[in-house]
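# Notes for the structure review
Chain residues, written in single-letter form:
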Amino acid sequence: MTSDANLKQAAAPDAAWQDDVRAGVRHVRDLASLPLSPAERAAAQEAAAAHKVRVPKPYLDLIDWNDSDDPIRAQVIPSPDELVAAEGELDDPIGDHAFSPVPRLTHRHADRVLLFPTYQCAVYCRFCFRKESLTSIGRGYTREAVEPALAYIAGHPEIREVILTGGDPLSLPDKALAEIRARLEAIPHLRLLRIHTRVPVALPSRITPGLVEALQGRLMVTVVTHFNHPRELTEEAEAACRAMRQAGFVLLNQSVLLKGVNDKVEVLEELCRELMYRLGVKPYYLHHGDLARAMAHRRTTIAEGQALVAELRRRLSGICNPTYVIDLPDGGGKVPLAASHIEGRDGDTWLIRGQDGKVREYREVVGRA
Ligand SMILES: *Cc1c(COP(=O)(O)O)cnc(C)c1O
Ligand code: SF4
């Protein structure tokens, strides 16, 4: 599979989700069918040359075309701003390549690895921090392609967790997923299979009983979804998450903080609250916008992000709050960014600012064991 063939081969040709793929935007030329002005269309087509374009029908239907700043549109329709690279932006913003001992695998933390079974996606997000890999590698799944990565995992007993990412692993056929899952569960030291995916957001009809079954086996399964805006929490997405929860999967969400999409406290509050209370998905990370090329127009400052998460912390319970992180360049990993509440220290007495803004003293009392 060298073209974006994953989605064509994923199931019987009559599957409902295949209609959702077919009726969506699949090629640059499909942009012509969207209600864009001639100038917008020309700009979108030019920008699409730098990063693939694909939007399944259910996600396309969420766009309000009367609003040129629509937050759903902003995530998937190429914008002329994408042609403007800024100084300091990076092709590999989080340093995946430097920690890649074999193709299709990144090993930065001892106990867990990223495995890239495909570099294709069901939806192409304009802000993607792996867009360079998706363009330059771009390949789909073959058994041979992941063989070196599987051998590497089998040879490293310190690895407990395998994270399928890409690309979008849930753009693969059920058969390929079952095959990967079976190969991984045969490696005795592995405990958990994690899947990072935007399919429950953009193509929820793809979460079929067959797909869920393909992932079930010996390993604990965690699906990390990627909802960025409360309008993405549709009834279809809710049903997809329910099916995965009923299968016993642990559901977490990571969002990217994006200017003009979700950089308002009301938006983040509704997103995180409804993810937890309605979809049963625990907000896990809120990522500060990384230095992916030509995305300056979607980045906030760190101070803006800190103010947002401080207010979120005041408004929502602990389980509804994600951890605000930055993924450092050069493989520095994910580091929490929330503003510190520690104002100072005098010996064993700490000065800590409470939720009400008042500073209190906390004296440490530690006994001898
Ligand atoms: C994000 C990431 C992980 C997962 O980190 P968690 O904090 O466990 O979610 C693992 N490896 C790499 C290289 C990563 O970038
Ligand atoms: S689905 Fe994930 S990997 Fe694919 S374009 Fe979107 S953010 Fe990037």
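Note that the coordinates shown come from a computational prediction; the quantities given were computed from them, not determined experimentally. (Residues numbered from 1 in each chain as written. Chains lettered and ligands numbered in written order. Predicted model: local features only at pLDDT ≥ 70, side-chain atom pairs only at ≥ 80, totals over all residues. Heavy atoms only, no water.)

### Focus: the overall build of the protein chain
Of regular secondary structure, the protein chain possesses 12 helices and 12 strands. Here the protein chain has a C-alpha radius of gyration of 21 Å; the compact-globule value for 369 residues is 21 Å, and the two agree. Taken along the three principal axes of its C-alpha coordinates, the protein chain extends 65 × 55 × 40 Å. A sequence separation of at least 24 residues applies to 74% of the contacts in the protein chain between residues at least 6 apart. Counting 47 positive and 50 negative side-chain charges, the protein chain places the centres of these two groups 3 Å from one another. (Helix = DSSP H or I, 4+ residues; strand = E, 2+ residues; numbered from the N terminus. Rg over C-alpha atoms; globule rule 2.2 N^0.38 Å. Contact = heavy atoms within 4.5 Å. Lys, Arg positive; Asp, Glu negative; His and termini not counted. Charge placed at Lys NZ, Arg CZ, Asp CG, Glu CD.)

### Brief notes about unusual backbone geometry
Residue glycine 166 is joined to glycine 167 through a cis peptide bond whose omega torsion reads 15°. You will see that arginine 104, though not glycine, has its phi angle at about 70°, which is positive. Along the chain, arginine 104 turns up in the loop between α4 (73-76) and β1 (105-109). The class of arginine 104 is buried, set by a relative accessible area of 8%. Positive phi is not limited to glycine here, since aspartate 330 has a value of about 60°. Tracing the chain through its elements places aspartate 330 in the loop between β8 (323-328) and β9 (333-336). Since its relative accessible area comes to 70%, aspartate 330 is described here as exposed. (Buried < 20%, exposed > 50% of the residue type's maximum accessible area, 1.4 Å probe, protein only.)

### Notes on the nonpolar core
Judged by nonpolar contacts, the single largest core of 88 residues is most densely connected at Ile153, Val162, Leu184 and Phe227. Sorting elements by how many residues they give to this core places helix α11 (residues 265-277) first, with 6 residues. Ignoring sequence-local partners within four residues, the contact set of valine 162 consists of Val113, Leu115, Ile153, Leu184, Leu190, Leu192, Leu193 and Arg194. By size, the runner-up hydrophobic cluster in this structure holds 8 residues, among which are Phe116, Cys121, Tyr124 and Cys128. (Core = buried A, V, L, I, M, F, W, Y, C linked by side-chain atoms within 4.5 Å.)

### Here's the deal with the pattern of salt bridges
When the charged atoms of two side chains with opposite charge come close together, those side chains can pair. Within this structure, the stated rule accounts for 27 salt bridges. The partner of arginine 112 in a salt bridge is aspartate 111, with the nearest N and O atoms 2.8 Å apart. Through salt bridges with shared partners, a single ionic network connects Glu238, Arg242, Arg273, Glu274 and Arg278. (Salt bridge = Lys/Arg side-chain N within 4 Å of Asp/Glu carboxyl O.)

### Remarks on the sheet that holds strand β5 (residues 220-225)
Strand pairing in a sheet takes place through backbone hydrogen bonds and is either antiparallel or parallel in direction. The 9 strands lie next to each other as β1-β2-β3-β4-β5-β6-β7-β8-β9, forming an open sheet whose pairing is mixed. In the strand order of this sheet, the two ends are held by β1 and β9, each with one partner. The mean angle between the axes of side-by-side strands here comes to 25°, regardless of whether they run parallel or antiparallel. Bridge count for strand β2 (residues 112-115) against strand β3 (residues 161-164) is 4 bridges, and the pairing is parallel. If you follow arginine 112 over to β3, its bridge partner there is glutamate 161. Here helix α6 (residues 143-154) sits on the sheet in contact with β1, β2 and β3, set at roughly 30° to β1. Contacts between helix α12 (residues 302-315) and the sheet are confined to β7 (282-287) and β8, with β8 contributing the most and set at about 155° to the helix. (Pairing = 2+ DSSP bridges. Axes fitted to C-alpha atoms, helices over the stretch in contact; angles between N-to-C directions.)

### So, the site of ligand 1
Around ligand 1, the neighbouring residues are Thr106, Arg108, His109, Arg112, Leu114, Ile163, Arg194, Tyr284, Tyr285 and Lys334. Interatomic distance of 2.7 Å between a side-chain N/O atom of arginine 112 and an oxygen atom of ligand 1. Here tyrosine 285 contributes a side-chain N or O atom positioned 2.5 Å from an oxygen atom of ligand 1. Compared with its free state, where it exposes 390 Å², ligand 1 has 92% of that area covered by protein. Looking at the shell around ligand 1, the elements that each hand over two or more residues are β1, β2 and β7. Examining the composition of the shell around ligand 1, we find that 3 residues originate from one element, β1, more than from any other. The residue inventory of the shell around ligand 1, partitioned by class, reads 4 nonpolar, 2 polar and 4 charged. (Near = heavy atom within 4 Å. Polar contact = N/O pair within 3.5 Å; in protein donor to acceptor, adjacent residues only side chain to side chain. Areas by Shrake-Rupley, 256 points an atom, 1.4 Å probe, with all protein chains shown as cover. Nonpolar A, V, L, I, M, F, W, Y, C, P; charged D, E, K, R; others polar.)

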